[in-house]
Amino acid sequence: MKEKLDGIRLAALGMIEEARDTSRLNDIRVKYLGKSGEISAIMRDMANVPKEDRPAMGKLVNEMRGEVENALLLKTKTLSRLEEERKLKAEEIDVTLPSGGKKLGTLHPLTLIKKELIEIFAGMGFSVDEGPEIESDLFNFQLLNIPKDHPSRDMQDTFYVNDNIVLRTQTSAMQARIMTTTKPPIRVVVPGKVYRSDDDASHSPIFNQFEGLAIDKHITMGDLQGCLQTFAQKIFSKDTKVRLRPSYFPFTEPSVEVDVTCSMCHGKGCRVCKGTGWVEILGAGIVNPAVLDMCGIDSSIYSGFAFGFGIDRIAMIKYGIPNIKLLYENDVRFLKQFN
Ligand code: PHE
């Protein structure tokens, strides 16, 4: 029995000595001290030891168990300290390393163009106004000489909220709002979002327009042309030429469609201008006297011009952007080119 005990003791202490981690120590604890462990088995065997030997034997077993427990305890302490150190080492952060750097956002190209446009027109004495995107039929259409069921409504595929409320199809709605509330002289530009049920490479159901309105005594088509010439040369380049073609809008009379020489090829002909050297950029005209009168401005005293264009279109021409969707997808690889 004594030899057997010694054998177990040596084996246990040897295993503890060699253990390299705390989970191994746990296995050893189970193997010797667990319910069905070897030392526990010996304790149970005590019944077979002759009565007179039992006290001495019991003492021996208890000592041995104490020795193994102690060894386990000591080794557990050592190993868990080592494990802790290893874990801390693995999670170490070098605070002296240089950081990855902060990524700064940039202004969206449409915002950049809008700011530039406002700057240009402010330089010609225009103030800036904004208006509602959910607009009444009255301002978006009727006061602009587009009565209900008028065929010219087909020019714009309108999103109707109900019979009298629309998502504004044009910033021209603000012309009516401003004329009904402001006494001339008026010189104002209105940037803003507009909505149309239209969707292809050059049309998005939501896009941005820029409206201009000037009303005073003796305003003529010459004023409109000069104003647009200045604008085109500032937003594109000094050598940009402007061309006016007759057109039709219910709220201007006469109306014009305005082309500029292509800013990509300077009039030589390229992909952007489809080889013509010119690109159409806006609609404009002399404010229809009927509109002035409907909005409460005496057309026998005052006249005015108005124009409206897509900010998106200006951005596409200026930067050679082939698809309007690129302006709304917000792909960072696209956006970061406009620093
Ligand atoms: N509102 C017109 C459009 O969206 C453009 C325009 C504005 C035409 C002002 C004339 C005067 O097509």
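Thresholds applied
Residues numbered from 1 in each chain as written. Predicted model: local features only at pLDDT ≥ 70, side-chain atom pairs only at ≥ 80, totals over all residues. Heavy atoms only, no water. Near = heavy atom within 4 Å. Polar contact = N/O pair within 3.5 Å; in protein donor to acceptor, adjacent residues only side chain to side chain. Areas by Shrake-Rupley, 256 points an atom, 1.4 Å probe, with all protein chains shown as cover. Helix = DSSP H or I, 4+ residues; strand = E, 2+ residues; numbered from the N terminus. Buried < 20%, exposed > 50% of the residue type's maximum accessible area, 1.4 Å probe, protein only. Pairing = 2+ DSSP bridges. Axes fitted to C-alpha atoms, helices over the stretch in contact; angles between N-to-C directions. Parallel < 35°, antiparallel > 145°, perpendicular 65-115°, else oblique. Left-handed = near helix turned anticlockwise from the far one by under 90°. Contact = heavy atoms within 4.5 Å. Nonpolar A, V, L, I, M, F, W, Y, C, P; charged D, E, K, R; others polar. Salt bridge = Lys/Arg side-chain N within 4 Å of Asp/Glu carboxyl O. Expected span 1.5 Å × (residues − 1). Arc of directions from axis to C-beta. Phe/Tyr/Trp six-rings, centres within 6.5 Å; stacked < 30°, edge-to-face > 60°.

1. Things to note about the site of the ligand
Piece 1. The environment of the ligand is formed by 15 residues, the closest being Gln170, Ser172, Arg196, Gln209 and Gly308.
Piece 2. Arg196 has a polar side-chain atom sitting 2.8 Å from an oxygen atom of the ligand.
Piece 3. Burial of the ligand by the surrounding chains reaches 92%, relative to a free accessible area of 330 Å².
Piece 4. Looking at the shell around the ligand, the elements that each hand over two or more residues are strand E6 (206–216), strand E9 (278–287) and strand E10 (303–310).
Piece 5. Ranked by residue count, the leading element in the shell around the ligand is E10, at 3 residues.

2. Section: the pairing of strand E8 (residues 252–261)
Piece 1. The element E8 is extensively covered by neighbouring structure, given that 8 of its 10 residues are classed as buried.
Piece 2. The sheet contact formed by strand E7 (residues 242–249) and E8 spans 7 bridges and is antiparallel. Looking at E8, one finds that Val242 is bridged to Val260.
Piece 3. Hairpin remark: E7 followed by E8, antiparallel, with 2 residues in the connecting loop.
Piece 4. Bridge count between E8 and E9: 8 bridges; the pairing is antiparallel. Bridging from a neighbouring strand, Val258 pairs with Leu282 of E9.

3. Brief notes about the packing of helix H2 (residues 22–33) against helix H4 (residues 54–90)
Piece 1. It is at 9 Å that the axes of H2 and H4 come closest, and there the two elements cross at 165 degrees. Relative to H4, the element H2 is oriented roughly antiparallel. The crossing of H2 and H4 is left-handed. Residue-level contacts link Thr22, Leu25, Ile28, Arg29 and Leu33 of H2 to Arg65, Val68, Glu69, Leu72, Lys75, Thr76, Leu79, Ser80 and Glu83 of H4.
Piece 2. In the contact of H2 with H4, the residues fall into 6 nonpolar, 3 polar and 5 charged.

4. Things to note about the packing of helix H5 (residues 109–122) against helix H8 (residues 221–235)
Piece 1. Where H5 meets H8, the closest approach of the two axes is 10 Å, and the angle between their N-to-C directions is 140 degrees. One way to sum up the angle between H5 and H8 is to call them oblique. The way H5 lies across H8 gives a crossing that is right-handed. Together, Glu116, Leu117, Ile120 and Phe121 of H5 and Cys227, Phe231, Lys234 and Ile235 of H8 make up the contact between the two elements.
Piece 2. Considering only residue class, the contact of H5 with H8 consists of 6 nonpolar, no polar and 2 charged.

5. Focus on the pattern of salt bridges
If charged atoms from side chains of opposite charge come close, those side chains can pair.
Piece 1. Taken as a whole and judged by the stated rule, the model has 12 salt bridges.
Piece 2. In this structure, the salt-bridge partner of Arg9 is Asp6, at a minimum N-O distance of 3.5 Å. On the criterion of helical spacing, the pair formed by Arg9 and Asp6 is a turn pair, its members being 3 residues apart in helix H1 (residues 2–18).
Piece 3. By relative accessible area, which is 32% here, Asp6 ends up partly exposed.

6. Some words on H8
Each α-helix turn comprises 3.6 residues. Residues three or four places apart therefore point the same way.
Piece 1. Relative to the 21 Å expected for 15 residues at 1.5 Å per residue, H8 spans 21 Å between its end C-alpha atoms, a close match to the ideal helical length.
Piece 2. For H8, the set of buried residues is Leu224, Cys227, Leu228, Phe231, Ala232 and Ile235. Down the axis of H8, the sector holding all buried residues measures 130 degrees, keeping them to one side.
Piece 3. Buried residues along H8 sit against H5, E7, E8, E9, E10 and helix H10 (311–319).

7. Description of the packing of aromatic side chains
Piece 1. One pass over the full model with this rule turns up 11 aromatic pairs.
Piece 2. Aromatic pair Phe121 and Phe210: ring centres 5.5 Å apart, planes at 35 degrees, arrangement tilted. Residue Phe121 is found in helix H5, and its partner Phe210 is found in strand E6; the two are separated by 89 residues along the sequence. In this structure, Phe121 and Phe210 share a single accessibility class: buried.
Piece 3. Between Phe249 and Phe251 the ring centres are 5.9 Å apart and the planes differ by 35 degrees, which places this aromatic pair in the tilted class.

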